[in-house]
Amino acid sequence: MSAPAGTPPVSPRADVALMEGYHSPQLDVAVRLNTNESPVAPPAAFVAALQAEVAKVEWHRYPDRRAWQLRTRIGELHGVGPEQVFAANGSNEVLQTVCLTYGGAGRTAAVFEPTYALHGHISRLTGTTVVTGDRTDDFALDAAEVDRVSADARPDITFLCSPNNPTGLVEEPDLVRHVVATAPGLVVVDEAYGQFAPWSALELLGDDVPLVVTRTFSKTWSMAAARLGYLVGPAWLVAELEKVVLPYHLDALKQAAGRLALDYRPEMEARVASLVEERGRLVAALTDLDVDVWPSGANFVLFRPRQRAGNDVWQALVDSSVLIRNCASWPGLEGCLRVTLGTPAEDDRFLEALQEALS
Ligand SMILES: *Cc1c(COP(=O)(O)O)cnc(C)c1O
């Protein structure tokens, strides 16, 4: 007996069949301010160095499985050895490997909404049960709520995100310290925007502390196309992750790209500084418009039109060839939109289009 026409002959996992994928539309527009990338390319000298490196790759051989040089260079950035660094194809693959290793069937991960959607999504994909705690009305993490979730669900993994995406809020050091001290399982602090923040949970790491901090090359390093991210944590934990990740998961060219990028740290820091300045200008301009704006410690700003539906404003911007992130239907973010900081010219086009959409 064959399936009715149009029905696929095999079915995915029942839970996957019910899932929605991760949606961030890649539309063809003039101004793209929707995925928090850097608006500027990496330094030309980096691109030239990488081009020279392409010729040196032994393409017929598997790459260094442990990515030791890359991990050594990343470790130097944070004052730790390579054995405390785990690198993968974007910090999303880092998070996936953490979930495969410390989550999975019969285990639980806690997230505090609204936050980065992929923490919950990747948890579910790996069979991990997701429990959700709430933030306060101004999107702050609340110690009592974290304690409640810890006591009720005993999560194997607790996800924090600082600065939090999509709200931009930087978590209070004392609160993160409290979570790290009291959570029943592993604490993951996602610092994809860490270089924009005044403090880092990296200072809380210790060999006897079940804490990892994740970072990415996608945002501050202007290397979203390279797909490279990492975590810093205890060596014993990194060793467990290495059992789980696929062999040779980091290709040779990517390892070189990551290594070479780290030669341009001052250039990266200058880009971060100019984005922070641009953030001040954008927030000030938004404050003059008919929108609510939240303070941001990252390279994006969350806002909500007061008089017009977020969806309609988002569509009006797309019609003006400006793409931002539509969070209007996300839980806890009714009517909200998120704009990534671009170049001053891009941000001006966004502000003009927004002004028009609001009037
Ligand atoms: C952008 C982002 C990431 C980055 O993922 P990559 O896979 O490294 O590109 C991770 N976490 C958060 C919170 C982000 O916003």
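Values in this document were obtained by computation on a predicted structure and should not be read as measured data.

Caption draft 1: The arrangement of the overall build of the chain in detail. Within the chain one finds 12 helices and 12 strands. For the chain, whose C-alpha radius of gyration is 21 Å, the value lies close to the compact-globule estimate of 21 Å for 359 residues. Counting only residues that meet the buried cut, the chain has 51% of its 359 residues in that class. Partitioning the contacts of the chain with sequence separation of at least 6, the portion at a separation of at least 24 is 72%. Between the centroid of the 30 positive side chains of the chain and the centroid of its 46 negative side chains there is a distance of 6 Å.

Caption draft 2: Looking closely at the nonpolar core. Membership of the largest hydrophobic core comes to 74 residues, with the highest contact counts inside it found for Phe 217, Leu 286, Phe 303, Ile 324 and Phe 350. Residue contributions to this core reach at least three from each of two domains, namely domain 1 (14–43 + 266–358) and domain 2 (53–263). With sequence-adjacent residues up to four places away left out, Leu 286 is seen in contact with Val 291, Val 293, Val 301, Phe 303, Phe 350, Leu 351 and Leu 354.

Caption draft 3: Main features of the domain arrangement of the chain. Along its sequence, the chain is carved into domain 1 (14–43 + 266–358) and domain 2 (53–263). The distance between the C-alpha centroids of domain 1 and domain 2 comes to 24 Å. Between domain 1 and domain 2, the contact holds 33 residues from the first and 28 residues from the second. For the interface between domain 1 and domain 2, the tally reads 0 salt bridges. Run the count over domain 1 and domain 2 and you get 6 residue pairs in polar contact (both at pLDDT 80 or more). Sorting the residues of the side of domain 1 that touches domain 2 by element identifies helix 10 (265–287) and strand 10 (300–305) as the ones contributing at least two each.

Caption draft 4: Main features of the packing of aromatic side chains. Taken as a whole, this structure holds 7 aromatic pairs when the rule is applied. Seen from their ring centres, Tyr 193 and Phe 300 are 5.0 Å apart, and the 80° between their planes marks the pair as edge-to-face. Here Tyr 193 is found in the loop between strand 6 (186–190) and strand 7 (211–216), whereas its partner Phe 300 is found in strand 10, with 107 residues between them in sequence. Note on accessibility: Tyr 193 and Phe 300 belong to one class, buried. Through pairs of rings, three or more aromatic residues link up here, namely Phe 217, Trp 221 and Tyr 230. Residue placement shows Arg 65 over the ring face of Tyr 248; its charged tip is 5.7 Å from the ring centre. Taking NZ or CZ as reference, Arg 338 lies 5.5 Å from the ring centre of Phe 300, over its face.

Caption draft 5: Geometry of the pattern of salt bridges. For the coordinates displayed, the defined rule picks out 19 salt bridges. The salt bridge partner of Arg 306 is Asp 292, with a shortest N-O separation of 2.9 Å. Taken together, the positions of Arg 306 in the loop between strand 10 and helix 11 (310–319) and Asp 292 in strand 9 (residues 291–293) put the pair 14 residues apart, joining distant regions of the chain. Since its relative accessible area comes to 28%, Asp 292 is described here as partly exposed. It is possible to trace a salt-bridge network through shared partners that takes in Glu 53, Lys 56 and Arg 259.

Caption draft 6: Looking closely at empty space enclosed by the protein. Inspection of every chain in the model, using the stated rule, returns 3 cavities of 30 Å³ or more. In this model, the largest cavity occupies a volume close to 60 Å³. If you go around the largest cavity, the residues you meet are Tyr 22, Tyr 116, Ala 117, Asn 165, Pro 166, Arg 325, Trp 330 and Arg 338. In the lining of the largest cavity, the residues fall into 5 nonpolar, 1 polar and 2 charged. There are two domains that each give the lining of the largest cavity at least three residues, and those are domain 1 (14–43 + 266–358) and domain 2 (53–263).

Caption draft 7: Quick peek at the pairing of strand 8 (residues 229–232). Covered by surrounding structure in strand 8 are Gly 229 and Leu 231 together with Tyr 230 and Val 232, the residues of both alternating faces. Alignment of strand 2 (residues 85–88) against strand 8, held across 4 bridges, turns out to be antiparallel. Along strand 8, the bridge assignment pairs Ala 88 with Gly 229. As paired elements, strand 7 and strand 8 share 4 bridges and run antiparallel to each other. In the sheet register, Thr 216 faces strand 8, and the bridge partner there is Gly 229.

Caption draft 8: The site of the ligand, seen in detail. Taken together, 13 residues surround the ligand, and among them Ser 91, Tyr 193, Thr 216, Ser 218 and Lys 219 come closest. One nitrogen or oxygen atom from the side chain of Asn 165 is found 2.7 Å from an oxygen atom belonging to the ligand. One nitrogen or oxygen atom from the side chain of Tyr 193 is found 2.6 Å from an oxygen atom belonging to the ligand. Calculation on the ligand without its partners gives an accessible area of 380 Å², and the protein chains cover 94% of this total. Among the elements that make up the shell around the ligand, the one with the highest residue count is helix 4 (residues 90–102) (3 residues). Counted by class, the shell around the ligand contains 4 nonpolar, 6 polar and 3 charged residues.

Definitions and cut-offs
Residues numbered from 1 in each chain as written. Predicted model: local features only at pLDDT ≥ 70, side-chain atom pairs only at ≥ 80, totals over all residues. Heavy atoms only, no water. Helix = DSSP H or I, 4+ residues; strand = E, 2+ residues; numbered from the N terminus. Rg over C-alpha atoms; globule rule 2.2 N^0.38 Å. Buried < 20%, exposed > 50% of the residue type's maximum accessible area, 1.4 Å probe, protein only. Contact = heavy atoms within 4.5 Å. Lys, Arg positive; Asp, Glu negative; His and termini not counted. Charge placed at Lys NZ, Arg CZ, Asp CG, Glu CD. Core = buried A, V, L, I, M, F, W, Y, C linked by side-chain atoms within 4.5 Å. Domains from an automatic or database assignment. Salt bridge = Lys/Arg side-chain N within 4 Å of Asp/Glu carboxyl O. Polar contact = N/O pair within 3.5 Å; in protein donor to acceptor, adjacent residues only side chain to side chain. Phe/Tyr/Trp six-rings, centres within 6.5 Å; stacked < 30°, edge-to-face > 60°. Lys NZ or Arg CZ within 6 Å of the ring centre and 35° of its normal. 1 Å grid on protein atoms, 1.4 Å probe; cavity = no way out; pocket = protein on both sides within 12 Å on 5 of 7 lines; lining within 4 Å. Points joined across faces, edges and corners; volume = space filled by probe spheres on them. Nonpolar A, V, L, I, M, F, W, Y, C, P; charged D, E, K, R; others polar. Pairing = 2+ DSSP bridges. Near = heavy atom within 4 Å. Areas by Shrake-Rupley, 256 points an atom, 1.4 Å probe, with all protein chains shown as cover.

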